[in-house]
Structures are given as C-alpha cells and as structure tokens.
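This is what each chain is made of:
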2 protein chains.
Amino acid sequence: MRSRAESAPSFLYVPELGEPGARLELTDSESHYLARVVRARPGDRATGTDGRGTVAALRVIAIGSRVQVEIEHAERHEPKRRAWVWSGAPEGSRADWLVEKLAELGVERWLPLQCERGSWSKGAARQERWDRLALAAMRQSRGSTLMTIEPPLPLTEAIVQAPAEAARWLASPKAPRRAPDGSPGLMIGAIGPAEGFTPSEGGALEAAGFQGISLAERRLRSETASLAWALWWANG
Amino acid sequence: MRSRAESAPSFLYVPELGEPGARLELTDSESHYLARVVRARPGDRATGTDGRGTVAALRVIAIGSRVQVEIEHAERHEPKRRAWVWSGAPEGSRADWLVEKLAELGVERWLPLQCERGSWSKGAARQERWDRLALAAMRQSRGSTLMTIEPPLPLTEAIVQAPAEAARWLASPKAPRRAPDGSPGLMIGAIGPAEGFTPSEGGALEAAGFQGISLAERRLRSETASLAWALWWANG
C-alpha cells in the first residue's frame, strides 16, 4: 500500500460545482469516501469534477456525515473530440463491463440500440447499476466527462435524433480498415447486436451517412466491437 | 432464431485431427454440442480445428454418446502474425473477461505476470475456468488458434524465456502513440498491474528491448490496456 501522502489527490464527483471561494457539502457517497476510505482531514486537498467537463481543486473544510469543501479554483475542459456509441444487444451478461470500458475511454453518450435481431430488456435496477459503473470508471480514470447512458431506443429513432454534424461510423467486418481519424467534433459509432444488423437496418444506416469500418481481422463479438470502435476513436 | 440450414456449420474443437479419410470420435463436450444442442444428423457437415492452426471439414458418421465424424479435408493455417500478452494483475475480478477477449482476438499465448506491485493468486479451478473461456472464445470467433494460458510467472523469468526474435512492446501512458504495425512474426505486449510497473521493472523491460507504446489518451485500467494492446496488434 502507498501512504496517503504519496497518492494522487482523491478524485470526486461533485455534480454542482460552484465558483472559486464557494463552499459546498459533498454527496453521501463522496463524503463517505473522503471521511472513511481516504480518512481525509480538514485542510487536505482533493480534485472534483461535475462530469460535464469542469475540474476543480478542492480543500476540505470540515469532516462529518457530510464533508464540507471549498472550491479553490476551477477549470473547464471543452473536449475537442467527442464520441457516442450505439450498441446492439450482446449475448449474455456482457453489458456491464462494456459500460465500464466505454466510460473509462471517455465516451460521452452510450445508447443501447433496439434491433430486429436483438433487443435490450428494460430494468430500472440495471440502469442504476450502469450509472454507478460509469461513475466509478470516470473517477478511476480521473476523467471530467460522466458518460450519459440513454434508455434503449429503436435504430430508426436513434438515426432521426443523431446530430446533423456528427461523423458516422458503422462497425462491419466486410468494410475496410481505417487509420485512426483525429478529426475534432462528434463521432458516432454504431455496432450491431450479436446476430448482426439486418440488411434493411444496414441500408438505413448507410442512407443516413454511416461509413463502414472493420475493427479487426477476426469476427468480433458485439460488445468487443463496441469497445474496439471506442479504442479506435480514442487513438485518433 | 435462424434455422439449422441457414446457420454456418458448427465449429468444433478437435484436439487430435487426423488425415483426410480418417474417422474419429469427438470429445464429450463436442459430442454433446453436436448431438443435443445443434441436433446434427448423420451426413451433416461441421468444421473442426485442433487449436494449433489446422481447420478441417468434417462429416457426421454416427450420433451417439460419442459422435463419430470423418475428416473430408484439412488445411493448415500458418499464422503470419502472432501475439503473446503478458499482463500484470488487474483490480478485482476482471481477469475472466480479459481471457475471453484476448482469446477472441487470436492472441496465441497469455502470461499472467507476477509483479512487485501486484500478484496473481494461484488456483486450479480458475485455470480450468480460463481454459474453458479461451476455448469458447475460439469457437465463437471460428479461429484456429486456441490461446495457451501460462501459469503466473515473475517478470524476470518471463523476460529470460522470451524468444529472441520477438518484437517487444511495453504499454505506457507516457510513451508515444504508434500507428498499427503489420510486421509478420511474433510480438509480445507487456502490461503492468493496476498499480503499474516499478521503475526497476520498467528498467528491466527497457533493457530487454521493450519499446513504449501509448494506447489511449486517458489512463487505462490494467485489463483495458491489455485488451487495447491486443486490438492494436489485431489491427496491424
């Protein structure tokens, strides 16, 4: 174990960061973490993010069931490159780690796609678990973007709602490989379910401007393809 | 569900494939799969691999508790590009999916690395579970290489045993990004444990010819970095 003094400052999720000088109470989970896990003391420093691009230096003022902190300074990181991932349903229970990995890589928004050959079941408990996983991954990677997890949406509706300016990619084993593309702005990666998109779904995506991209020589599982696309984006 | 006729032929693991014309009995698990899951009948075709690069067309001769097949023809695939991955211990129980994903991507050999800041516990049950996961991943991706899973080994021993001709890569957030490298032959990717390699371990790897490579802009978890390196290799 490394001692407290050697570690990087604690990285906290503070949804409502204020201006420098402001004091605020942390949420229950962040208070617990700081008071009980890290055993912070008044005067200790921590880092906080609102999950929407702002990162702040914090100073601990008072320890209690709710920890009080003061904002020392804050900086807004406007991400130059943003990614949304649309994922068809994988086989079995592979979605949890997919959520964790996409959040870790800094994907801004994840949309479970309802497809003809694979559908996501709905469940409030699962949504809460996913939100927790995304939050833990942001903290662990010390990122400043909390991945938004959408409720499952049919492909046609997802296409209608896609921002006009987004670059659009469709994971397809038959398409060409592509070198990493470092273009700024928003990119959307669409990945079919375990059984693949149907020809009509593929046609709808092509008509909407989605370009094919192959992500490996081998046939990838659906969830691996989602992650491979996010890594391709992250390497741009 | 797709009907049996529309599906690709069943993909089986047959460790001891013979010459064309030879007849042999499948293992219990492959027999069960063919007889009970796919409900194959005499005369049906299947594909088999020995997990060491040979793929054969099989014809079902007789269904029973052990299914009998005849080898129609066999083809040896000599992989031009081969990958070994050395992984330090990740946090928590993230190794299972790592095994599945590395096997899916066609990694030839996986070595859990014992490091100063992270060690793998040993366990026969876990080794069996990993072997099963690697086998399932090979079948699912219809690959012809069954990933070999080594017992955990200290870094220094791993370095001594590395084949001289292997190209050597070290995942490091501070190193430069690299375009995919399609060189033929064997590549080894070394990834530290959750807490990272120590400076002396990093020095030993550098002295042994390991070149740094950064795999994403963000700090990656150890198991994500292993997978990211394998995807970088798979894209070469």
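All residue numbers here refer to positions counted from 1 along the written sequence of the relevant chain. Chain labels run from A onward and ligand labels from 1 onward, assigned in the order the entries are written. Owing to the predicted nature of the model, reporting of local features is limited to residues with pLDDT of at least 70; listing and counting of side-chain atom pairs is limited to 80 or more, with chain, interface and lining totals taken over all residues. For the side-chain quantities, the full set of heavy atoms in the structure was used; hydrogens and water were omitted.

A.B. asks: Outline the confidence of the model for chain A, supporting the account with residue identities and numerical values.
C.D. replies: All names here are of chain A. Across the chain, each position has a pLDDT score giving the predictor's confidence in that residue, from 0 to 100. For chain A, the mean per-residue pLDDT works out to 90, and 97% of the residues sit at or above 70. Mean pLDDT across the secondary structure elements of chain A bottoms out at helix α3 (residues 124-141), with 89, and peaks at strand β10 (residues 167-171), with 97. Contacts of residues 1-6 to residues separated by more than four positions or lying in other chains number seven contacts, the stretch itself having pLDDT below 50. Scored as a whole, the predicted complex attains pTM 0.84, and scored at its interfaces, ipTM 0.78. In DSSP terms, a helix is any run of H or I states spanning at least four residues, a strand is any run of E spanning at least two, and both are numbered starting from the N terminus. Whether two residues are in contact is decided by their heavy atoms: any pair within 4.5 Å suffices.

A.B. asks: Talk me through the interface of chain A and chain B; I want residue IDs and the actual numbers.
C.D. replies: Taken together, the 36 residues of chain A in the interface contact 36 residues of chain B. Carbon and sulfur atoms make up 43% of the surface buried where chain A meets chain B, a total of about 3000 Å² over both sides. For the chain A face of the interface with chain B, the top three residues by lost area are R218, R219 and R221 of chain A, together amounting to 23%. Each reported salt bridge corresponds to a side-chain nitrogen of Lys or Arg within 4 Å of a carboxyl oxygen of Asp or Glu. Where chain A meets chain B, there are eight salt bridges. Two residues, E104 of chain A and R221 of chain B, come together in a salt bridge whose shortest N-O distance is 3.7 Å. Accessible area, probed at 1.4 Å, shrinks when two parts are joined; the buried area is that loss added up over both.

A.B. asks: Describe the sheet that holds strand β4 (residues 54-62) of chain B, and please don't skip the residues or the numbers.
C.D. replies: Residue and element names in this part refer to chain B. The mixed open sheet is built from five strands, whose spatial order is β1-β3-β4-β5-β2. Each edge of the sheet is formed by a strand with only one pairing partner; in this case those strands are β1 (10-13) and β2 (23-25). Between one strand axis and the next, the sheet turns by 40° as a mean value, whatever way the strands run. Note on pairing: two strands pair once DSSP finds at least 2 bridges between them. Sheet analysis places β1 next to strand β3 (residues 45-49), joined by four bridges and oriented parallel. Think of each axis as a best-fit line through the C-alpha atoms, taken over the contacting stretch in the case of a helix, with angles from 0 to 180 degrees between the N-to-C directions.

A.B. asks: Hey, could you go over the pairing of strand β7 (residues 109-114) of chain A for me, with residue numbers and the actual values?
C.D. replies: Residues and elements named next belong to chain A. Of all six residues in β7, five are buried; the element is thus mostly enclosed. Bridge count between strand β6 (residues 81-87) and β7: four bridges; the pairing is parallel. Looking at the pairing, V85 lines up with W110 of β7. Strand direction decides the pairing type here: β7 and strand β8 (residues 148-149), joined by two bridges, are parallel. The residue bridging R109 from the neighbouring strand is T148, located in β8. Taken together, the two bridges between β7 and strand β9 (residues 153-154) define a ladder with parallel strand orientation. Note on exposure labels: buried denotes an accessible area under 20% of the residue type's maximum, exposed denotes more than 50%, and partly exposed covers the range between, all computed with a 1.4 Å probe on protein chains only.

A.B. asks: Give me the lowdown on helix α2 (residues 95-104) of chain B, citing residues and values where you can.
C.D. replies: Residues and elements named next belong to chain B. Of all 10 residues making up α2, nine are buried, and the element is well covered by its neighbours. Looking only at α2, the buried set comprises A95, W97, L98, V99, E100, K101, L102, A103 and E104. Downstream of α2 by a residue or two, G106 has a phi angle that is positive, lying close to 90°.

A.B. asks: Could you give an account of the relation of the copies chain A and chain B, naming the residues involved and the relevant values?
C.D. replies: Alignment of copies: least-squares fit on C-alpha atoms of residues with pLDDT of at least 70 in both copies. Once turned by 180° and shifted 0.0 Å along the axis, chain A lies on chain B with an RMSD of 0.0 Å. On this basis, the relationship between the two copies can be described by a two-fold rotation axis. Most of the interface of chain A is mirrored in chain B: 100% of its interface residues are interface residues there too.

A.B. asks: With reference to specific residues and values, describe unusual backbone geometry.
C.D. replies: With phi around 55°, R39 of chain A is a residue other than glycine that occupies positive phi space. One can find R39 of chain A in the loop between α1 (28-37) and β3 (45-49).

A.B. asks: Break down the pattern of salt bridges for me, with residues and values.
C.D. replies: With the rule as written, the count across this model stands at 38 salt bridges over all chains. Between E72 of chain A and R45 of chain A there is a salt bridge; the shortest N-O distance is 2.8 Å. One end of the pair, E72 of chain A, is in strand β5 (residues 68-76); the other, R45 of chain A, is in strand β3, and 27 residues separate them in sequence. The partner of D96 of chain B in a salt bridge is R129 of chain B, with the nearest N and O atoms 2.9 Å apart. Taken together, the residues D96 of chain B in helix α2 and R129 of chain B in helix α3 (residues 124-141) connect sequence positions 33 residues apart. Taking the relative accessible area as the measure of exposure, R129 of chain B reaches 32% and is therefore partly exposed. The network of salt bridges with common partners includes E91, R94, R221 and E223 of chain A together with E100, K101 and E104 of chain B.

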